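# Fold and geometry: a report
So the chains spell out like this:
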Amino acid sequence: MNDTFMKEKPVFPLILSMALPMVISMLVNSLYNIVDSFFVAQISENAMTALSLVFPVQNFANAIAIGFGIGISSQIAICLGAGNRETASKAATHGLMLSALHGVILMIGCILIMPGFLSLFTSDADVTDLGIRYSTIVFLFAVINTINLAYEKIFQGVGKMKVTMIGLMIGCVSNIILDPLLIFGLGPFPALGIEGAALATGLGQVFNLVFYLIVYKIKPLQVQLSRSHLHPDMALAARLYSVGIPGALNLALPSVLVSALNGLLAAYSQSYVVILGIYYKLQTFLYLPASGIVQGMRPIIGFNYGAGEHKRVRKIYEITLIMCAVIMLIGTGICLAIPEQLIGLFSSNPETIRLGGQALTRISVGFLISAVSITSSGALEGLGKGGSSLIISLCRNVIVILPAAYLLSHLGGGVFVWHAFWITEVISAAVSLVVYRRAVRR
């Protein structure tokens, strides 16, 4: 089995081959989210409201699982690069067991808090009932989900990106197929309503996990999951959490940002809140391929760092930065050329389209420079430096943008808030370069 392709293959085609499966799987996942919402909306408006209210908690649970998974992937890649298969196998085994423990805690905790959480946002008994029915089933699969995501990151840590792409597609496609069957009771299936949507989500995770287990059984990896690797190792656990906790926070912070900006913008006009929601839908299609490239880069940069290939680490960082910058430059051009037409895809209100066009023009000024922060943050996670990555994420989502948005709104109203986005990207890029260089030097 070739352990060294990540430090021998030319960098650009290597990153491309690792990133492309991630981009495809993320696009499929985005399609699933849209289709899932479409089918739930057919049940009733209250069902859609319940789904929206449950989403933040569901997203938080996923952030914990994925963030810790990044820690697993990082440690595996670094250890394999250093030629230490034994420690890589221990990292995978410990990571998997800890992920299962996280799943148990999330399952119990999320089911218990949901009635109180929902009551904070709605007094409608039907919405609350639908939310509890949906979330109870979804979180009963929490252990399956955390183990599933741990396997995903283990495969990514050894460079098996195509396996994770197929696994994610199996989960998403089966979910899309099961949604109408279980919600509306087509053919021999019972009509379960919103419980059917939750069950379809859970079964999609089960099918995904079964695929990973089959692949692991028939195609041995460079790392081996074994009971012999389960002896307590606090230093190893600390390394997993040192990346996993910041990784989870990095994924959760954008939700905090959106909530804070919604509160700020709502004081000026409901149109601004709508525009912010539309912007985040649009930017998904821009940042998604960049995120796929960064995901593909993480195990490569970690492996080469572990192998002591520091010149190659620098080259991997630089080529990833260029690739992300090209994507952002294309996105900037599109947003500056047809801003109102893009907003018009999601709204027919002339005033919203006009104000949204202005917003998109101002926000897009920061797209190109944001490539620095995105690349630096992802590279630091791959190098096992989660705390440094978190500093960048905090700058982009809290420390800079929220005070800037607040001050600008008082200077020029809601329309000035959009300038906070590009100002934040410029400052965050400068911070990113300093943080990355210091972390790599250490």
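Definitions and cut-offs
- Residues numbered from 1 in each chain as written.
- Predicted model: local features only at pLDDT ≥ 70, side-chain atom pairs only at ≥ 80, totals over all residues.
- Heavy atoms only, no water.
- Helix = DSSP H or I, 4+ residues; strand = E, 2+ residues; numbered from the N terminus.
- Rg over C-alpha atoms; globule rule 2.2 N^0.38 Å.
- Buried < 20%, exposed > 50% of the residue type's maximum accessible area, 1.4 Å probe, protein only.
- Phe/Tyr/Trp six-rings, centres within 6.5 Å; stacked < 30°, edge-to-face > 60°.
- Core = buried A, V, L, I, M, F, W, Y, C linked by side-chain atoms within 4.5 Å.
- Contact = heavy atoms within 4.5 Å.
- Axes fitted to C-alpha atoms, helices over the stretch in contact; angles between N-to-C directions.
- Parallel < 35°, antiparallel > 145°, perpendicular 65-115°, else oblique.
- Left-handed = near helix turned anticlockwise from the far one by under 90°.
- Nonpolar A, V, L, I, M, F, W, Y, C, P; charged D, E, K, R; others polar.
- 1 Å grid on protein atoms, 1.4 Å probe; cavity = no way out; pocket = protein on both sides within 12 Å on 5 of 7 lines; lining within 4 Å.
- Points joined across faces, edges and corners; volume = space filled by probe spheres on them.
- Patch = residues over 30% accessible without salt bridge, like charges linked within 9 Å, V, L, I, M, F, W, Y side chains within 5 Å.
- Areas by Shrake-Rupley, 256 points an atom, 1.4 Å probe, with all protein chains shown as cover.
- Salt bridge = Lys/Arg side-chain N within 4 Å of Asp/Glu carboxyl O.
- Expected span 1.5 Å × (residues − 1).
- Bend = angle between axes of the 7 residues up to and from the residue.
- Disulfide = S-S within 2.5 Å.

As a further point, take the overall build of the protein chain. Counting its secondary structure elements, the protein chain contains 17 helices and zero strands. Since a compact globule built from 442 residues should have a radius of gyration of about 22 Å, the 22 Å found for the protein chain is in line with a globular shape. Projected onto its principal axes, the C-alpha positions of the protein chain cover 60 × 55 × 35 Å. By residue count, 54% of the 442 residues in the protein chain fall in the buried class.

Before going further, it helps to examine the packing of aromatic side chains. For the coordinates displayed, the defined rule picks out 11 aromatic pairs. Taking the centre distance of 6.0 Å and the plane angle of 50° together, the rings of F211 and Y212 count as tilted. Pair check on accessibility: F211 and Y212 agree, each one buried.

Attention now moves to the nonpolar core. In this structure, I76, V223, I301, W418 and F421 are the most contacted members of the largest nonpolar core, which totals 94 residues. With 17 residues, helix α10 (residues 270-306) is the single largest residue contributor to this core. Ignoring sequence-local partners within four residues, the contact set of I76 consists of A88, A91, A92, I154, G157, V158 and V223.

What follows covers the side chain of S174. If you trace the backbone, S174 turns up in helix α7 (residues 161-184). S174 sits in the buried class, given a relative accessible area of 13%. What S174 contacts, discounting residues up to four positions off in sequence, is G204 and F207.

One can describe the packing of helix α3 (residues 45-81) onto helix α6 (residues 142-157) by two numbers: an axis separation of 8 Å at closest approach and a directional angle of 30°. Regarding the angle of α3 to α6, the classification is roughly parallel. As α3 runs across α6, the sense of the crossing is right-handed. For the pair α3 and α6, contact is made by N62, A65, I66, G69, I70, I72, S73, I76, A77 and L80 and by N145, T146, L149, A150, K153, I154, Q156 and G157, respectively. Taken together, the residues of the contact of α3 with α6 sort by class into 10 nonpolar, seven polar and one charged.

The next point concerns the packing of α6 against helix α8 (residues 194-218). The relative placement of two packed helices comes down to the angle between their axes together with the axis-to-axis distance. Axis separation between α6 and α8 bottoms out at 9 Å; the angle between their running directions is 40°. Here α6 lies oblique to α8, going by the angle between them. Classified by chirality, the crossing of α8 by α6 is left-handed. In contact with I144, N145, I147, N148, Y151, E152 and F155 of α6, α8 contributes Q205, V206, N208, L209, Y212, L213, V215 and Y216. Across the contact of α6 with α8, the residue classes tally to 10 nonpolar, four polar and one charged.

Right, let's talk about empty space enclosed by the protein for a bit. As enumerated under the stated definition, the model contains one cavity of 30 Å³ or more in all. The volume enclosed by the largest cavity comes to roughly 30 Å³. What lines the largest cavity is simply I70, S73, K153, Q156, Q295, R298 and P299. Looking at the lining of the largest cavity, the elements with two or more residues in it are α3, α6 and α10. The leading source of residues in the lining of the largest cavity is α10, at three residues. The residue inventory of the lining of the largest cavity, partitioned by class, reads two nonpolar, three polar and two charged.

Here the focus is a nonpolar patch on the surface. Together, I322, V326, I330, I334 and I338 make up a nonpolar patch on the protein surface, roughly 430 Å² of accessible area in all. Inspection of the secondary structure assignment puts I330 in helix α11 (residues 310-337). Judged by relative accessible area, which is 51%, I330 ranks as exposed.

This paragraph deals with α7. Compared with the 34 Å implied by 1.5 Å per residue over 24 residues, the 35 Å span of α7 between its first and last C-alpha is a close match. Along α7, the sharpest change in direction is near 35° and occurs at L178; proline P180 comes one to four residues later. Downstream of α7 by a residue or two, G185 has a phi angle that is positive, lying close to 75°.

Compared with an ideal rise of 1.5 Å per residue, which puts 16 residues at 22 Å, α6 spans 22 Å between its outermost C-alpha atoms and is within 8% of the ideal. Extensive coverage of α6 is indicated by the burial of 14 of its 16 residues. Among the residues trailing α6, G159 stands out with phi positive, at a value near 90°.

Inspection of the secondary structure assignment puts G83 in the loop between α3 and α4 (85-119). Its relative accessible area of 63% is what places G83 among the exposed residues. Through-space distance from the C-alpha of G83 to that of K219 is 20 Å; in sequence the pair is 136 residues apart.

This brings us to the state of the cysteines. With the rule as written, the count across this model stands at zero disulfides. The thiol sulfur of C335 is not disulfide-bonded, and the nearest other cysteine sulfur, from C324, lies at 16 Å. Take C335: its relative accessible area is 10%, and that puts it in the buried class.

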